[in-house]
Every structure is written in C-alpha cells, then in structure tokens.
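Per-entry structural report
These are the residues of each chain, in order.
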Amino acid sequence: MKKIILLLVCIVLVACSSIIKIPDLADVEYCKTKYSDANIIDLDMGYKLYVKKCGGCHSMYSPKYYKNDEWEKLLPEMIERSKLKSVEELQVRKYIYTMNRSFPNGIPY
Ligand code: HEC
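These remarks concern the structure in this document.

With that out of the way, let us pick up the overall build of the chain. Broken down by element type, the chain carries five helices and zero strands. Listing the helices and strands of the chain from first to last along the sequence gives α-α-α-α-α. In the chain, which comprises 109 residues, the proportion classed as buried is 19%. Long-range contacts, defined here as pairs at least 24 residues apart, represent 78% of the contacts in the chain between residues at least 6 apart.

As structure tokens, this is what we get:
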C-alpha cells in the first residue's frame, strides 16, 4: 500500500513539474542567450511571481503552451493585470522565455 501511495505521489510530482518547472543552473545558461545579465535569483523570482501572481486569477498556463511571439502579444495585458513592478516584469519575462525553450513554437498539437 505504501508503495502505491509513493508511486502516486511521484506521478503527481512529475506531472506538475512538467507544467511549471523550478529553474536550475542550466536554465540560467539558456536565459543568457537573450538576457545576458541572467542569474538564478532572477529566474527563481520569476518562477515565484509566475506561480503567485499569474496563477492567482486563472489556472497556470505552461510557458511552453504559447509561442514566443504569442507571449509577446498577451504578456503586456497580463502584466498590467498582475500589477507587476518593472523589475518583476523582467523576471517573469525571463522565466517564460527560458521555460518555453523546448517548444519555442508552442506545444505541437
Ligand atoms: C487580475 C487577473 C489576472 C491576472 C493577475 C493574470 N491574468 Fe491571465 N487572464 C486573465 C483573464 C480574465 C483571462 C481570460 C482571457 C481574457 O480575458 O483575455 C486571462 C487569460 C490568460 C491567458 C490566455 C490568453 C489567450 O488568449 O489564450 C494567458 C496565457 C494568461 N492569462 C497568462 C497570464 C500570465 C503569464 C500572467 C502573469 C504575468 C497572468 N495571466 C495574470 C486574468 C488575469
């Protein structure tokens, strides 16, 4: 029984982490391809803001779900709605840009 519970916990964790991933150092390296000043503190803040602010009104959208240019179009309005400061806006943008990288053209349907 314990094993089954453990297995279920693992499945849930894996399922969730694939939608909203906690940034690591490899992510920082990727982020530097666009934002040369990227660091783990910014990405970590971006992650926390994304979960806290963006997840506050609706369920979480995976950064991978939209193409980079789609994010460009919808982010200004969502950032406005989240009332982010300009520093925070940049952190969220860095997070989305980085976590979108395996599907920069959106998740294939
Ligand atoms: C004050 C509430 C609120 C906050 C905060 C908010 N959103 Fe939204 N969001 C909405 C509403 C309402 C919609 C429904 C579609 C619409 O009205 O455009 C939406 C829609 C979306 C969509 C779908 C858009 C589409 O056309 O498919 C995405 C993606 C999204 N939000 C991302 C974010 C992100 C990222 C953040 C954080 C920066 C955020 N949202 C913060 C209210 C909010």
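Here the narrative resumes.
Okay, helix 4 (residues 68-82) next. Look at helix 4: 20 Å from first C-alpha to last across 15 residues, which is about the 21 Å you get at 1.5 Å a residue. Of all the bends in helix 4, the largest measures some 40 degrees and sits at Leu-74, one to four residues before the proline Pro-76. For helix 4, the buried fraction is low: zero of the 15 residues fall into the buried class. Following helix 4 by one or two positions, Lys-83 adopts a phi angle in the positive range, close to 55 degrees.

This next bit is on the environment of Cys-57. If you trace the backbone, Cys-57 turns up in helix 3 (residues 40-57). Note on Cys-57: 9 C-beta atoms within 10 Å, which makes it exposed. As a C-alpha pair, Cys-57 and Arg-81 span 24 residues in sequence and 9.4 Å in three-dimensional space.

Turning to the site of the ligand, a few remarks are in order. Every one of the 13 residues lining the ligand counts as a neighbour, but Cys-54, Cys-57, Met-78, Arg-81 and Ser-82 are closest to it. Secondary-structure elements contributing two or more residues to the shell around the ligand are helix 3 and helix 4. Ranked by residues supplied to the shell around the ligand, first place goes to helix 4 with five residues. Its residues assigned to classes, the shell around the ligand shows eight nonpolar, three polar and two charged.

This next bit is on the nonpolar core. The biggest cluster of nonpolar side chains holds 11 residues, and these are Cys-31, Ala-38, Leu-43, Tyr-47, Tyr-50, Cys-54, Val-92, Tyr-95, Ile-96, Tyr-97 and Met-99. Broken down by secondary-structure element, the contributors of at least two residues to this core are helix 3 and helix 5 (86-99). Considering every element that reaches this core, the biggest residue donor is helix 5, with five residues. Setting aside residues up to four positions removed in sequence, Tyr-95 forms contacts with Pro-23, Leu-43, Gly-46, Tyr-47 and Tyr-50.

Rules behind the numbers
Residues numbered from 1 in each chain as written. Predicted model: local features only at pLDDT ≥ 70, side-chain atom pairs only at ≥ 80, totals over all residues. Helix = DSSP H or I, 4+ residues; strand = E, 2+ residues; numbered from the N terminus. Buried ≥ 20, exposed ≤ 12 C-beta atoms within 10 Å, placed from the backbone. Contact = placed C-beta atoms within 7 Å. Expected span 1.5 Å × (residues − 1). Bend = angle between axes of the 7 residues up to and from the residue. Near = placed C-beta within 6 Å. Nonpolar A, V, L, I, M, F, W, Y, C, P; charged D, E, K, R; others polar. Core = buried A, V, L, I, M, F, W, Y, C linked by C-beta atoms within 7 Å.

Taken by themselves, the reported measurements are silent on function.
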